[in-house]
Amino acid sequence: MTEDAIRCNALSKKFGSKMAVKPLDLSVKKNTIYGFLGSNGAGKSTVIRMLCGVLPPSSGSGTVLGYSLAEQPEQIKQRIGYMSQKFSLYLELTVLENLQFYGAIYGLKKKELAARIQTLLRLTKLEDRISQRAGALSGGWKQRLALCCAMLHEPELLILDEPTAGVDPVSRKIFWEIIHQLKKDDVTVLVTTHYMDEALTCDNIGFMYAGNLLVNGGPKEIMDEYSVKNLDDLFVKLVEQQEQEHASHLKKGDSFE
Ligand SMILES: Nc1ncnc2c1ncn2[C@@H]1O[C@H](COP(=O)(O)OP(=O)(O)OP(=O)(O)O)[C@@H](O)[C@H]1O
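Just so it is clear, the model here is predicted, and its values are computed rather than measured.

(A) Just the packing of helix 3 (residues 95–105) against helix 4 (residues 110–124), in detail. Where helix 3 meets helix 4, the axes come as close as 11 Å, and the angle between the chain directions of the two elements is 130°. Taken together, the axes of helix 3 and helix 4 are oblique relative to one another. In the crossing of helix 3 with helix 4, the sense of the turn from one axis to the other is right-handed. Residues Val 95, Leu 96, Leu 99, Gln 100, Gly 103 and Ala 104 of helix 3 form the contact with helix 4, whose participating residues are Leu 113, Ile 117 and Leu 121. Taken together, the residues of the contact of helix 3 with helix 4 sort by class into 7 nonpolar, 2 polar and no charged.

(B) Main features of the UniProt feature "domain: ABC transporter" (unreviewed entry) in the chain. Sites flagged by UniProt as "domain: ABC transporter" (unreviewed entry) map to residues 6–235. Helix makes up 37% of residues 6–235 and strand 27%, and the two end C-alpha atoms of the span are 24 Å apart.

(C) Spotlight on the nonpolar core. Ranked by size, the top nonpolar core spans 50 residues in total, and within it Leu 99, Leu 145, Leu 147, Leu 158 and Leu 160 carry the most contacts. The element that contributes the greatest number of residues to this core is helix 5 (residues 139–151), accounting for 8 residues. Not counting the four nearest positions on each side in its chain, Leu 147 is found in contact with Met 83, Leu 158, Leu 160, Phe 175, Ile 178 and Leu 182. Counting residues in hydrophobic clusters, the runner-up holds 26 residues, among them Ile 6, Leu 11, Leu 65 and Leu 190.

(D) Up close: the sheet that holds strand 2 (residues 18–29). Across the sheet, 4 strands lie side by side as 2-1-4-5; this open sheet has antiparallel pairing. With one partner strand each, in any of the chains shown, strand 2 and strand 5 (67–68) form the two edges of the open sheet. Two elements, strand 1 (residues 4–15) and strand 4 (residues 59–64), share 5 bridges in a ladder whose sense is antiparallel. Bridged to Ile 6 within strand 4 is Val 64.

(E) Summary view of the side chain of Ser 12. Relative to the assigned elements, Ser 12 resides in strand 1. Among the polar contacts listed, one links the side chain of Ser 12 to the side chain of Ser 59, at a separation of 2.6 Å. Beyond its immediate stretch of four places on either side in the chain, Ser 12 contacts Met 19, Val 21, Lys 22, Pro 23, Met 50, Pro 57, Ser 58 and Ser 59.

(F) Quick peek at the site of the ligand. Taken together, the neighbourhood of the ligand is formed by 15 residues, with Lys 18, Gly 41, Lys 44, Ser 45 and Thr 46 sitting nearest. In this structure, an oxygen atom belonging to the ligand sits 2.6 Å away from a side-chain N or O atom of Thr 46. His 194 has a polar side-chain atom sitting 3.3 Å from an oxygen atom of the ligand. Sorting the residues of the shell around the ligand by element identifies strand 2 and helix 1 (44–51) as the ones contributing at least two each. Counting residues per element, the shell around the ligand draws most heavily on helix 1, at 4 residues. Residue composition of the shell around the ligand, grouped by class: 3 nonpolar, 8 polar and 4 charged.

(G) Expanded view of the pairing of strand 4. Bridging between strand 4 and strand 5 involves 2 bridges; their strand directions are antiparallel. Within strand 5, the residue paired with Val 64 across the bridge is Tyr 67. Once strand 4 ends, the chain turns through 2 residues before running back antiparallel as strand 5, passing Leu 65 with a positive phi of about 55°.

Definitions and limits used
Residues numbered from 1 in each chain as written. Predicted model: local features only at pLDDT ≥ 70, side-chain atom pairs only at ≥ 80, totals over all residues. Heavy atoms only, no water. Axes fitted to C-alpha atoms, helices over the stretch in contact; angles between N-to-C directions. Helix = DSSP H or I, 4+ residues; strand = E, 2+ residues; numbered from the N terminus. Parallel < 35°, antiparallel > 145°, perpendicular 65-115°, else oblique. Left-handed = near helix turned anticlockwise from the far one by under 90°. Contact = heavy atoms within 4.5 Å. Nonpolar A, V, L, I, M, F, W, Y, C, P; charged D, E, K, R; others polar. UniProt positions renumbered as here; feature names shortened; annotations may be inferred. Core = buried A, V, L, I, M, F, W, Y, C linked by side-chain atoms within 4.5 Å. Buried < 20%, exposed > 50% of the residue type's maximum accessible area, 1.4 Å probe, protein only. Pairing = 2+ DSSP bridges. Polar contact = N/O pair within 3.5 Å; in protein donor to acceptor, adjacent residues only side chain to side chain. Near = heavy atom within 4 Å.

Here's what the structure looks like:
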């Protein structure tokens, strides 16, 4: 039986009186790519921060690579790769220096680090740019360098929060080819995106709205279930349904949290 890389049972997060993530059940199988979709403010980043062990859940439980979110966040942090929306590269340092710096943070030994850097430079086609300052790279190349930094310690699970936001179509395509190659190399990937062409290539997708996971499954199966031709139409349909429901609750004077 395939073990889950991620499993959440009624995981929730409240900020003050706001339920940013309502009780969430989610499982992501090892060696798959899971696309995490949803409107701005839907709760995706909050889920990700909980999965990375940096934000304690308000209730519920979960495991990442078999480690408990509540009890083993340090083990989780060591074993996952995470690229945030505002990934931090040292812009004054070169490509190679950034990789060496992050490698040192992960505690990699010199020889091991050198070999790993070569593998990642080859994967991302950054070999010819090792002496360039990170600050001089275009957005697409910066993203690839940030991905390399997140993969230095050979994590089994890679979590990417909108990695291709603001990147040109060619760079986006190349970035996704790399993601699919990582899957072939036995990495599980959870990735948030607002680009539906990217989501279509995922094994499974989930769609969040106002803290709820509304749909979860294979993109084609979900499109069939909702009788839509593409994921953009699905997105619009789900949001419109939720807004109508919200409006009818408001009319009745119900609370809609
Ligand atoms: N530290 C915090 N304190 C209070 N509210 C927060 C905090 N972090 C997130 N929120 C709120 O929780 C909700 C979910 O935010 P989150 O960033 O998880 O959404 P998202 O789906 O990642 O959105 P986007 O696509 O814009 O990144 C939002 O209403 C946001 O304002």
